[in-house]
Amino acid sequence: MKTGIRCKHTTPIAILGLTALAATAAHATDGYFDYGYGIQAKGIGGAGVAFPQDGLAPAANPAGAAFLANRFDVGLSYFRPDRSATFGTTKFDGNGIQNFYIPEIGFKHSLSTNWDFALAVYGNGGMNTSYQAPIYNHTPPYVYSGIDLEQLFVAPTLSYKLTEKHAVGISPILAYQRFKAHGLDDFGVANNGYDNSYGGGVRIGYTGKLTDWFTVGVTYQSRVFTTAFDKYSGLFAEHGSFDIPSNFAVGIAVKPIKPITFALDVERILFSEVKSVGNPLSITQPGADNGPGFGWRDVTAIKTGIAYDVTENLTLRAGYNFSTQPIPNDQTFFNVLAPAVVQHHVTAGISWHFNKNWEVSAFYAHAFEQSVNGSGSIYGPPTNANLKMSQDTFGLALGWAL
């Protein structure tokens, strides 16, 4: 029985620390949240609440750590979004920066028969636009418009097995985010560069193997309260506040025959509870306690997929992810900066155990092009802002059995 982390684990821990400094993300999938956590879960549409596969599984449900073997995973995803906006007949390309690299790491170690420790470091979500033309500022000097929002989560996890087939878990969440905006002079927002924000929350979860072929999972993440973006106190509601909204999910995993697992998650993300995200733009007094935001609605995400163990060493995956639309037609004007309109994703993945202790995994995801055409979104000129986005993502990970 292992009762502690031995010296041979210092290399993974050192890598965890280094990756924590770098693992930020600039992307949008289910709203501005990533659609899944862990290279293997991303291959099945992001489903992972009841189906833990790799060291990032506790990011979806901390109870899943109880059903993982001791392991260390490190992964890197390449993310390429295509975003644009149209005012009337004029199209603006938002791809001034288009290539993003998103690292992730996971670690699991059994402390005793019932207790397990895990640590996940990952990009929770984000958004980036960089328009190579002035959109909002119409007086010289003309400044190109865009934003960059990045979020990093560090989630140490404890899980406890109530019985051999039932477990609970808890993950305190340490959050770091940074933000910058440029080209918003007509909103009275100076180009102040990056500002940093820090905060914390908690995720709890339960996993139960009700039968040999049917597993359920439930998880809840609290609102993550963060310090304000002081440099942008005149932009975001509540004087620069930009908390990370709460969310909850349920999941099932069904194993009709030994080599095949079907997984399904349903997640609800409460974007509207954060005023800087959910308040409509029509509210006056930017930065006030009840100031304007992006006008986002809450999102329901459905994540489903299949994993097929072709042999003991080879697993193939496929999946689909759908999320409801966060951006209403009458809120497109300000969301030119954050056109997170994609809704349909298809995914594929593979894992290969190339010796007893090592495996390599990969996934590909495509978010189909989606548009939201504005209606009454601009108060002034007789036109509307129309949004469009599509995405491609490819990821690789190396897993090490400890």
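Quantities reported herein were computed from a predicted structural model and do not represent experimental measurements.

1. Side note on a nonpolar patch on the surface
On the surface, Trp 115, Leu 158, Tyr 160, Leu 162, Val 168, Ile 170, Ile 204, Tyr 220 and Phe 248 cluster together into a nonpolar patch covering about 780 Å² of accessible area. Considering every element that reaches the nonpolar patch, the biggest residue donor is strand E5 (residues 146-163), with 3 residues. Along the chain, the position of Ile 204 falls in strand E7 (residues 195-209).

2. Some remarks on unusual backbone geometry
A positive phi angle is found at Glu 238, which is not glycine, with a value near 60°. One can find Glu 238 in helix H3 (residues 237-240). Residue classification places Glu 238 among the partly exposed positions, given a relative accessible area of 27%. In the Ramachandran plot, His 239 falls in the positive-phi region, its phi being about 60° despite a non-glycine side chain. Mapping His 239 onto the fold places it in helix H3.

3. A look at the pairing of strand E8 (residues 214-221)
As paired elements, E7 and E8 share 7 bridges and run antiparallel to each other. Residue pairing for E8: Ile 204 is matched across the bridge by Tyr 220. Counted along the chain from E7 to the antiparallel partner E8, the turn is 4 residues long.

4. Digging into the pairing of strand E10 (residues 247-257)
With 8 bridges joining them, E8 and E10 adopt antiparallel strand pairing. When the sheet's bridge partners are listed, Phe 214 is paired in E10 with Val 254. One ladder, built from 9 bridges, connects E10 with strand E11 (residues 260-269); its direction is antiparallel. Within E11, the residue paired with Ala 249 across the bridge is Glu 267. Hairpin remark: E10 followed by E11, antiparallel, with 2 residues in the connecting loop.

5. What to know about the environment of Phe 107
The residue Phe 107 is located in strand E3 (residues 100-110) in this model. With a relative accessible area of 1%, Phe 107 lands in the buried category. Taking the C-alpha atoms as reference, Phe 107 lies 9.6 Å from Pro 58; in sequence the two are 49 residues apart.

6. Some details on the side chain of Asn 335
Within the element layout of this structure, Asn 335 appears in the loop between strand E13 (314-323) and strand E14 (344-353). A polar contact of 2.7 Å, which involves the side chain of Asn 335, links it to the backbone oxygen of Phe 294. Filtering out sequence-adjacent residues up to four positions away, Asn 335 remains in contact with Phe 294, Trp 296, Ile 327 and Leu 387.

7. With respect to the pattern of salt bridges
A full pass over the atoms with the stated rule returns 10 salt bridges. The closest approach of N and O atoms between Glu 359 and Arg 71, which form a salt bridge, is 2.6 Å. Pair noted here: Glu 359 is in strand E15 (residues 358-373) and Arg 71 is in strand E1 (residues 71-87), with a separation of 288 residues, a long-range link. Each member of the pair Glu 359 and Arg 71 is classed as buried. The residue Glu 150 makes a salt bridge to Arg 178 at a minimum N-O spacing of 2.7 Å. Note that Glu 150 is positioned in strand E5 and Arg 178 in strand E6 (residues 166-182), a separation of 28 residues in sequence. The class of Arg 178 is partly exposed, set by a relative accessible area of 25%. Here the residues in one salt-bridge network are Arg 71, Asp 73 and Glu 359, joined through shared partners.

Calculation notes
- Numbering of residues starts from 1 in every chain and runs along the sequence as written.
- Selection of residues for local features in this predicted model requires a pLDDT of at least 70, selection of side-chain atom pairs for listing and counting requires 80 or more, and totals for whole chains, interfaces and linings are taken over all residues.
- Note that the side-chain values use all heavy atoms of the structure and ignore hydrogens as well as water.
- Patch rule: a residue counts if its relative accessible area is over 30% and it has no salt bridge; like charges are joined within 9 Å, and nonpolar side chains (Val, Leu, Ile, Met, Phe, Trp, Tyr) within 5 Å.
- Accessible surface is estimated by sampling points in the Shrake-Rupley manner with a 1.4 Å probe; for residues, cover comes only from the protein chains shown.
- Any carboxyl oxygen of Asp or Glu that lies within 4 Å of a side-chain nitrogen of Lys or Arg is treated as forming a salt bridge with it.
- To qualify as a helix, a DSSP run of H or I must reach at least 4 residues; to qualify as a strand, a run of E must reach at least 2; elements of each kind are numbered from the N terminus.
- The buried label applies to any residue whose accessible area, calculated with a 1.4 Å probe on protein chains only, is under 20% of its type's maximum; exposed applies above 50%, and partly exposed to all values in between.
- Here, strands pair whenever DSSP counts at least two bridges between them.
- Throughout this description, a polar contact denotes any pair of N or O atoms lying within 3.5 Å of each other; where both atoms belong to protein, one of them has to be capable of donating a hydrogen while the other can accept it, and for residues adjacent in sequence the pair is counted only when both atoms sit in side chains.
- Residue contacts follow a heavy-atom distance rule, with two residues in contact if any of their heavy atoms lie within 4.5 Å.

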